[in-house]
Amino acid sequence: MDKFWRAEALIRAGSSPLPPPSACHPLDDKRFSPALSIHPVDPAPFDLVLRVHTNDYLEQIRTGSLDPRAALKLGLPACEALLTRSRLEVAGTLAATYAALTDGLACNLAGGTHHAFPDHGQGYCVLNDVAIAIRDLHVTRPELRVFVLDTDAHQGNGTHAIFAADQRVFTYSIHVGKNYPAVKTSGSLDVELPRYVGGADYLEQLEATLAPAFFDFAPDLVFWIAGADPHEHDRFGQMKLNDADFGARDEHILRLVTRTRTPTAILYGGGYNRDREHTARIHAATVLRAATFFRA
Ligand SMILES: [Zn+2]
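Cut-offs and rules
Residues numbered from 1 in each chain as written. Predicted model: local features only at pLDDT ≥ 70, side-chain atom pairs only at ≥ 80, totals over all residues. Helix = DSSP H or I, 4+ residues; strand = E, 2+ residues; numbered from the N terminus. Rg over C-alpha atoms; globule rule 2.2 N^0.38 Å. Buried ≥ 20, exposed ≤ 12 C-beta atoms within 10 Å, placed from the backbone. Contact = placed C-beta atoms within 7 Å. Core = buried A, V, L, I, M, F, W, Y, C linked by C-beta atoms within 7 Å. Pairing = 2+ DSSP bridges. Axes fitted to C-alpha atoms, helices over the stretch in contact; angles between N-to-C directions. pLDDT = per-residue confidence, 0-100. Parallel < 35°, antiparallel > 145°, perpendicular 65-115°, else oblique. Left-handed = near helix turned anticlockwise from the far one by under 90°. Nonpolar A, V, L, I, M, F, W, Y, C, P; charged D, E, K, R; others polar. Expected span 1.5 Å × (residues − 1).

Caption draft 1: Main features of the overall build of the protein chain. Of regular secondary structure, the protein chain possesses 10 helices and 8 strands. Relative to the 2.2 N^0.38 estimate, which gives 19 Å for 296 residues, the radius of gyration of the protein chain is 18 Å and therefore close to what a compact globule would have. Looking at the 296 residues of the protein chain, the share that counts as buried comes to 46%. Relative to all contacts within the protein chain whose residues are 6 or more apart in sequence, the contacts with residues 24 or more apart total 70%.

Take a look at the structure:
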């Protein structure tokens, strides 16, 4: 939870029109006008969550009654507070989705919990916020073509599984092949990279594979699960991107979606840097870069 508060503080400091020098974060040397505003949310209603997840699973989380194997897979202590926290993340993604459709770009300062399946959680992901938002959109706009762009270091297996048979959803994931999750679930396009891939090779693969898939599918909306865990000092990502590589990654994607005027909801995804403050700085920098493109 800590990283969420730290990142928000950095975003507020970075988006302030006249930030005091001590409040400026170190990744970006620009000063931003307030192109972004931050809004609180209430937990997502259960009827929306139930469009993706089973009632039995939600009850197991709420009452803390996951069996030991399921609890180990999830990696977080199941209880009502965890379910509420996860519903807040879903609500943030829903709000970002509808704001993106109105304004072009919007961010949830959390979310991107892509390992969650309908009836179980994995890898610290309780609810699949992107899947819930897509299902909600498709109730009123069934024709909407959605591109899930997942640059978290791990494969978005839960989202892949949920939309495996849905031709309206394209799931793209660029990740380390031999890393968590051990058992992969095929998406529309999986770009598997070697362990400890460097920034130059990563960016070359991203640039070679993303745009062709994007233009071929021609989405009406993008969910971008950014991920801070490709960083070289991350404990679990097994990639070697440095801060400059993150800037190049973000700018490539932001240029693609803004030049094509494709509404895009940006979500955090994972981040487990040895220095937790650094994880917050990576998330915050992505949001602040988005703000600069929003203004462009
Ligand atoms: Zn990850």
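Caption draft 2: Spotlight on the nonpolar core. Ranked by size, the top nonpolar core spans 77 residues in total, and within it Val148, Phe223 and Trp224 carry the most contacts. Those residues in contact with Val148, other than ones at most four positions away along the chain, are Val130, Gly156, Thr159, Val169, Phe170, Thr171, Tyr172 and Phe223.

Caption draft 3: Focus on the sheet that holds strand β4 (residues 189-193). The strand order β1-β8-β6-β2-β3-β4 describes an open sheet built from 6 strands, whose pairing is parallel. The sheet terminates laterally at β1 (105-107) and β4, the two strands that pair on one side only. Within the sheet, the average angular offset between the axes of one strand and its neighbour, ignoring direction, is 10 degrees. Note: strand β2 (residues 146-150) against strand β3 (residues 169-176), 5 bridges, orientation parallel. Bridging from a neighbouring strand, Asp150 pairs with Ser173 of β3.

Caption draft 4: Examining unusual backbone geometry more closely. Here the amide bond leading from Tyr180 into Pro181 is cis, since omega sits at -5 degrees, within 30 degrees of zero. Relative to the helices and strands, Pro181 resides in the loop between β3 and β4. Here Tyr124, not a glycine, exhibits a phi torsion of approximately 70 degrees, which is positive. Here Tyr124 lies in the loop between β1 and α6 (129-140).

Caption draft 5: Main features of the confidence of the model for the protein chain. Here the protein chain averages 92 in pLDDT, while 92% of its residues score no lower than 70. Note on residues 17-34: pLDDT under 50 across the span, and 26 contacts to partners over four residues away in sequence or across chains.

Caption draft 6: Spatial organisation of the environment of His53. By the secondary structure assignment, His53 is in the loop between α2 (46-49) and α3 (55-62). Looking at His53, the number of C-beta atoms within 10 Å reads 26, which means it is buried. The spacing of His53 and His231 is 178 residues in sequence and 31 Å in space, taken between C-alpha atoms. In contact with His53, other than residues within four places in its own chain, are Leu58, Pro118 and Leu127.

Caption draft 7: Representation of the environment of Ala133 within the structure. For Ala133, the location among the structural elements is in helix α6. Taking the C-beta count within 10 Å as the criterion, Ala133 has 30 such neighbours and is therefore assigned buried. Sequence-wise, Ala133 and Asn273 are 140 residues apart; in three dimensions their C-alpha atoms are separated by 28 Å.

Caption draft 8: Focus on the packing of helix α5 (residues 80-103) against α6. Taken N-terminus to C-terminus, the directions of α5 and α6 make an angle of 45 degrees; their axes are 9 Å apart at the nearest point. In terms of orientation, α5 lies oblique with respect to α6. When you trace α5 past α6, the crossing you get is right-handed. The residues of α6 that touch α5, namely those facing Glu89, Val90, Thr93, Leu94 and Thr97, are Asp129, Val130, Ile132, Ala133, Asp136 and Leu137. Its residues assigned to classes, the contact of α5 with α6 comprises 6 nonpolar, 2 polar and 3 charged.

Caption draft 9: A look at the packing of α3 against α5. In the contact formed by α3 and α5, the axes pass within 6 Å of each other and the chain directions differ by 125 degrees. Considered as vectors, α3 and α5 are oriented oblique to each other. In this structure, α3 uses Leu58, Ile61 and Arg62 to contact α5, whose residues at the interface are Glu80, Leu82 and Leu83. Along the lines of polarity and charge, the residues of the contact of α3 with α5 split into 4 nonpolar, no polar and 2 charged.

Caption draft 10: Focus on α6. Between the first and last C-alpha of α6 there are 18 Å, a value that for 12 residues agrees with the 16 Å anticipated at 1.5 Å per step. Regarding α6, the residues found buried are Asp129, Val130, Ala131, Ile132, Ala133, Ile134 and Asp136. The elements touched by buried residues of α6 are α2, α5, β2, α7 (157-162), β3 and β6 (221-225).

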